[in-house]
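Below are the chains, spelled out letter by letter.
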Amino acid sequence: MKIKWPFSKTYVVKCPDGTTRVIYKNIDDAFPLCIPGWKGKTGGSIEAIKGASVNINAEYQTQIQGLLYSLDELNQSLTMVFRAAYIAYQSHPCKNAASFNRLIEKMIHENSRLTALKIKIRGLISLAETNPNNQTQWVDAFQSVVDQIGGQSIVVAAKMEIAEARTEMRQLEGGPNAS
């Protein structure tokens with residue numbers, strides 16, 4: 001005879017095919033929106049991403065902060081998709097198990113993509129620190145990350161490319177504002 005604990009965070013559902021599913025009563029126990037004490041370690045600051053204090057110029061810092069903001073938006077979106085899927089799974093765990101498992105596989109893939117983007121942003125920060133005067137290399141590396149993130153970062157990248165093209169035109173023309 002099984003004892004049902006009134007303060008348990010989970011319950012067990014026996015499916016018609018004989019399998020059992022353990023379900024969290026509260027979605028916050030399965031996948032919380034925030035984990036206490038975790039925000040400070042994984043926040044969207046350049047120092048948190050790099051793991052050390054960073055010394056880069058303000059223009060690069062602003063652009064990297066934009067990338068981190070976009071990355072954070074993607075991460076939050078992923079969290080909300082999981083929570084919505086878990087609620088559907090929670091309502092009919094036997095019927096929705098296969099679709100929930102497929103979604104988990106997609107989310108693991110998306111999480112791997114976000115991790116790769118975070119690594120590329122670390123590289124971008126290192127580039128800004130070690131070679132701040134190489135604007136062409138910076139724009140190429142930044143554009144590569146933007147292409148993979150998408151969203152609002154594309155606007156920033158487009159503005160950067162326009163500014164770089166204008167500077168190059170001035171230099172080619174030999175005008176008074178040529179640098």
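Up top you'll find the structure we're talking about.
Each chain has its residues counted from 1, following the order in which its sequence is written. In keeping with the model being predicted, local features are shown solely for residues with a pLDDT of at least 70 and side-chain atom pairs are shown and tallied solely at 80 or more, while totals for entire chains, interfaces and linings include all residues. The basis for every side-chain value is the complete set of non-hydrogen atoms in the structure, without hydrogens or water.

**As for the packing of helix 4 (residues 58-91) against helix 6 (residues 135-149)**
Right, so step 1: Put simply, helix 4 and helix 6 touch, their axes get as near as 11 Å, and they point 15° apart. Taken together, the axes of helix 4 and helix 6 are roughly parallel relative to one another. With respect to the hand of their crossing, helix 4 and helix 6 are arranged in left-handed fashion. Packed against helix 4, whose contacting residues are Glu59, Tyr60, Gln63, Ile64, Leu67, Ser70 and Leu74, the element helix 6 presents Gln135, Trp138, Phe142, Val145, Val146 and Ile149 at the interface. Comment: axis = line fitted to C-alpha atoms, over the contacting stretch for helices; angle = value between 0 and 180 degrees taken between N-to-C directions. What counts as a helix is a DSSP run of H or I of at least four residues, what counts as a strand is a run of E of at least two, and both are numbered from the N terminus. Should an angle fall under 35 degrees it is called roughly parallel, over 145 degrees roughly antiparallel, and 65 to 115 degrees roughly perpendicular, with every other angle called oblique. Note: crossing handedness is left-handed where the near helix turns anticlockwise from the far helix by less than a right angle, and right-handed where it turns clockwise. The contact criterion used is simple: two residues touch if any of their non-hydrogen atoms lie within 4.5 Å.

**Some remarks on the pairing of strand 1 (residues 10-14)**
Right, so step 1: By definition, two strands form a pair when at least two bridges between them are found by DSSP. Across five bridges, the pairing between strand 1 and strand 2 (residues 20-24) is antiparallel. Bridging across to strand 2, Thr10 finds its partner in Tyr24.
Right, so step 2: Between the antiparallel neighbours strand 1 and strand 2 lie five residues, among them Gly18 with a positive phi of about 95°.

**Notes on the pattern of salt bridges**
Right, so step 1: Whenever Lys or Arg places a side-chain nitrogen within 4 Å of a carboxyl oxygen from Asp or Glu, that contact is recorded as a salt bridge. In total, this model carries three salt bridges according to the counting rule given.
Right, so step 2: Of the charged contacts in the structure, one is a salt bridge between Arg83 and Asp28, with a shortest N-O distance of 2.9 Å. Taken together, the residues span a long stretch of sequence, with Arg83 in helix 4 and Asp28 in helix 1 (residues 27-30) at a distance of 55 residues.
Right, so step 3: Summary of the burial criterion: residues with accessible area below 20% of their type's maximum are buried, those above 50% are exposed, and those between are partly exposed, where the area comes from a 1.4 Å probe applied to protein chains only. Using a relative accessible area of 12% as the deciding quantity, one classes Arg83 as buried.
Right, so step 4: Residue Asp28 is classed as partly exposed on the basis of its relative accessible area of 37%.

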